[in-house]
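Notes for the structure review
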Amino acid sequence: MSDTLNKTFILDTNVILHDSGCLKNFTAHDIIIPITVIEELDQFKKGGDSLSYHAREFMRALDAISGDLLFNGGVKIGPNKGMVSIRLEQPLHQDMQDHFPAVDKPDHRILNIAYCLSKEDQSRRYVLVSKDVNLRMKAKALGITAEDYETDKIKMDASELYTGVGIIEHIDPSLINQLHAGHEGLKPTDLNPNFTPIANQYFIIRNGTNSCLAMYISCHQRLFKIDPRSAYGIRPRNAEQRFAIHALCNHDIPLVSLSGKAGTGKTLLALAAALEQRALYRQIMVARPIVPLSNKDIGYLPGDIKSKISPYMQPLWDNIAVIQNQFPENSESNVLIESMIESKKVIIEPLAYIRGRSIIKAFVIVDEAQNLTPHEIKTIITRAGEDTKIVFTGDIYQIDHPYLDAQSNGLSYLIEKMRGQSLYAHVNLEKGERSILAQIASDLL
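Observations concerning the overall build of the chain
Counting secondary structure elements, the chain contains 16 helices and 16 strands. Counting every position in the chain, which comprises 445 residues, the buried fraction comes to 49%. The contacts of the chain with a sequence gap of at least 6 include a subset with a gap of at least 24, amounting to 69%. For the chain, the computed accessible surface area is about 21900 Å², with 50% contributed by carbon and sulfur atoms. In the chain, 48 side chains carry a positive charge and 53 a negative one; their mean positions are 3 Å apart.

In structure tokens, the structure reads:
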């Protein structure tokens, strides 16, 4: 947020449900919480999902600093912070009634408070902060400054996000041969005096037809050749998939993220790597967030809870089937997968069911991670116990969450914040391998 004098921020409910610690992120500016927001938070206070968590945490934080002044001028948030106050309902402004016939909506009541304040006090600049782009558009139509909550957004265009893969060309062929032949690797400066790779970054090193795939291991400060390998029968079809399998099967890297468009093999590779390393882990946990379509909760779907969640989990089962179909029906490899599923060594469930569990000695795959908030990503990682590996997969350009985008989603946040850490590796998969038709559709449609 910019540091303009006499600025007051009015918070929408979705900002608080996105980040319960948001009060601390507005520097010395004042904050107003419309009473409608408190009413909406009350609807979320019960439950085990992240929205309920944020609702409870925010109300506890507000209660901890509150007093009678909250309704009469506000109370100081903390040292070098502004004031926070709760604003009660007030009569709908005539302009609101003229422009928005459906005035009895929470969004419009919040908007009405922002509009009335801006009309009553011209000496201050009132800014409505909301994750809802539609509400921001309505505010701007009324001449009210409106902003997205950007504290946990990455500070770059999503197209500039770290890919985990670099290409080094026109290298002396003798150095490439040295990489192929030896186990001592190469110093980055052997390739270029100004070359400064980061931990666990992968490289395609080539000169014409002579090439080598390598990884920079920071503790040795050297580049080492990546040998080709398969995972439970799945063979990589391109360099990025080779890098992905290496990261997924590297026990020294407990946190991995794979990004890329549909058909690049993100989830399939992660599942295959988990099965390949099944002996190292107590359980393989595969999950994805449920983002209901058309703003309808899964409660609208027919059937019991298993029937309701089945459509959301089916893509994961489809990937399991792809791995199984490589082997004859009665083969040991095929039967083993069925046995692991029946014994609950492999579980596929909605993320909400897994989030509260202890994650100890498990291989955890979180699919569609672009639909998670940065806080949800952090919550999952911080629950990881000893000998646990966590893999996030997703496409930052295919977001179904109404309040996230390519810069504010948890997967982009994870990639930007964790890059360069010795316990983390990331690979962006670019080439679609599902079929030529799928690749053309993904590129052109």
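Things to note about the packing of helix α14 (residues 374-381) against helix α15 (residues 410-418)
As a packed pair, α14 and α15 sit with axes 7 Å apart at the nearest point and diverge in direction by 65 degrees. Crossing of α14 against α15: the hand is right-handed. For the pair α14 and α15, contact is made by Pro-374, Ile-377 and Ile-381 and by Gly-410, Leu-411, Tyr-413 and Leu-414, respectively. Of the residues assigned to the contact of α14 with α15, the class counts are six nonpolar, one polar and no charged.

What to know about the pattern of salt bridges
The tally for this structure, following the rule as stated, stands at 13 salt bridges. Where Arg-136 meets Asp-148, a salt bridge forms, and the shortest distance between an N and an O atom there is 3.7 Å. Taken together, the residues span a long stretch of sequence, with Arg-136 in helix α6 (residues 133-141) and Asp-148 in the loop between β6 (145-147) and β7 (165-169) at a distance of 12 residues. Pair check on accessibility: Arg-136 and Asp-148 agree, each one buried. If you follow the salt bridges from partner to partner, you end up with Lys-131, Arg-136, Asp-148, Lys-153 and Asp-405 in one network.

Some remarks on the nonpolar core
Of all hydrophobic cores here, the largest spans 47 residues; its most connected members are Tyr-202, Phe-243, Leu-248, Leu-275, Ile-284, Ile-323 and Ile-365. Per element, the largest residue contribution to this core is eight residues, and it comes from helix α10 (residues 266-276). In this structure Leu-248 touches Val-256, Leu-258, Leu-269, Ala-270, Ala-273, Gln-277, Phe-363, Lys-389 and Val-391, once residues within four positions along its chain are discounted. In this structure, Cys-22, Val-75, Ile-113 and Val-129 belong to the second largest nonpolar core, which totals 41 residues.

Some words on the sheet that holds β7
If you trace the four strands from one edge of the open sheet to the other, you get β7-β8-β9-β10, paired in mixed fashion. One side of each edge strand has no neighbouring strand; the edge strands of this open sheet are β7 and β10 (222-225). The mean inter-strand angle of the sheet, taken between neighbouring strand axes irrespective of direction, is 35 degrees. As paired elements, strand β8 (residues 202-207) and strand β9 (residues 210-217) share six bridges and run antiparallel to each other. Across the sheet, residue Ile-204 finds its bridge partner in β9, namely Leu-213. Packing against the sheet, helix α7 (residues 173-181) makes contact with β8, β9 and β10, and its axis sits at approximately 60 degrees to β9.

Considering unusual backbone geometry
Phi at Asn-80 is positive, roughly 60 degrees, even though this residue is not glycine. With a phi close to 60 degrees, Asp-387 is a non-glycine residue in the positive phi region.

Quick notes on the packing of aromatic side chains
Counted according to the given criterion, the structure contains six aromatic pairs. For the ring pair Tyr-202 and Phe-243, a centre distance of 4.8 Å and an interplane angle of 25 degrees mean the geometry is stacked. One end of the pair, Tyr-202, is in strand β8; the other, Phe-243, is in helix α9 (residues 239-248), with 41 residues separating them in the sequence. You'll find Tyr-202 and Phe-243 in the same group, each marked buried. A ring pair is formed by Tyr-232 and Phe-327, whose centres lie 5.6 Å apart and whose planes are at 80 degrees; its orientation type is edge-to-face. Here Tyr-232 is found in the loop between β10 and α9, whereas its partner Phe-327 is found in the loop between α11 (305-324) and α12 (332-342), with 95 residues between them in sequence. By relative accessible area, Tyr-232 is classed as buried at 7%. In this structure an aromatic cluster arises from ring pairing among Phe-9, Phe-26 and Tyr-149.

Description of the sheet that holds strand β11 (residues 255-260)
Strand order in the open sheet made by the six strands is β13-β12-β14-β15-β11-β16, with parallel pairing throughout. The two strands at the open ends of the sheet, each matched to only one other strand, are β13 (346-350) and β16 (424-429). Sheet twist, expressed as the mean angle between neighbouring strand axes with direction ignored, is 15 degrees. Sheet topology note: the strand β12 (residues 283-288)/β13 ladder contains five bridges and is parallel. If you follow Met-285 over to β13, its bridge partner there is Ile-347. Relative to β16, α9 is tilted by about 155 degrees, and along the sheet it contacts β11, β14 (362-366), β15 (389-394) and β16.

Basis of the calculations
- Residues numbered from 1 in each chain as written.
- Predicted model: local features only at pLDDT ≥ 70, side-chain atom pairs only at ≥ 80, totals over all residues.
- Heavy atoms only, no water.
- Helix = DSSP H or I, 4+ residues; strand = E, 2+ residues; numbered from the N terminus.
- Buried < 20%, exposed > 50% of the residue type's maximum accessible area, 1.4 Å probe, protein only.
- Contact = heavy atoms within 4.5 Å.
- Areas by Shrake-Rupley, 256 points an atom, 1.4 Å probe, with all protein chains shown as cover.
- Lys, Arg positive; Asp, Glu negative; His and termini not counted.
- Charge placed at Lys NZ, Arg CZ, Asp CG, Glu CD.
- Axes fitted to C-alpha atoms, helices over the stretch in contact; angles between N-to-C directions.
- Left-handed = near helix turned anticlockwise from the far one by under 90°.
- Nonpolar A, V, L, I, M, F, W, Y, C, P; charged D, E, K, R; others polar.
- Salt bridge = Lys/Arg side-chain N within 4 Å of Asp/Glu carboxyl O.
- Core = buried A, V, L, I, M, F, W, Y, C linked by side-chain atoms within 4.5 Å.
- Pairing = 2+ DSSP bridges.
- Phe/Tyr/Trp six-rings, centres within 6.5 Å; stacked < 30°, edge-to-face > 60°.

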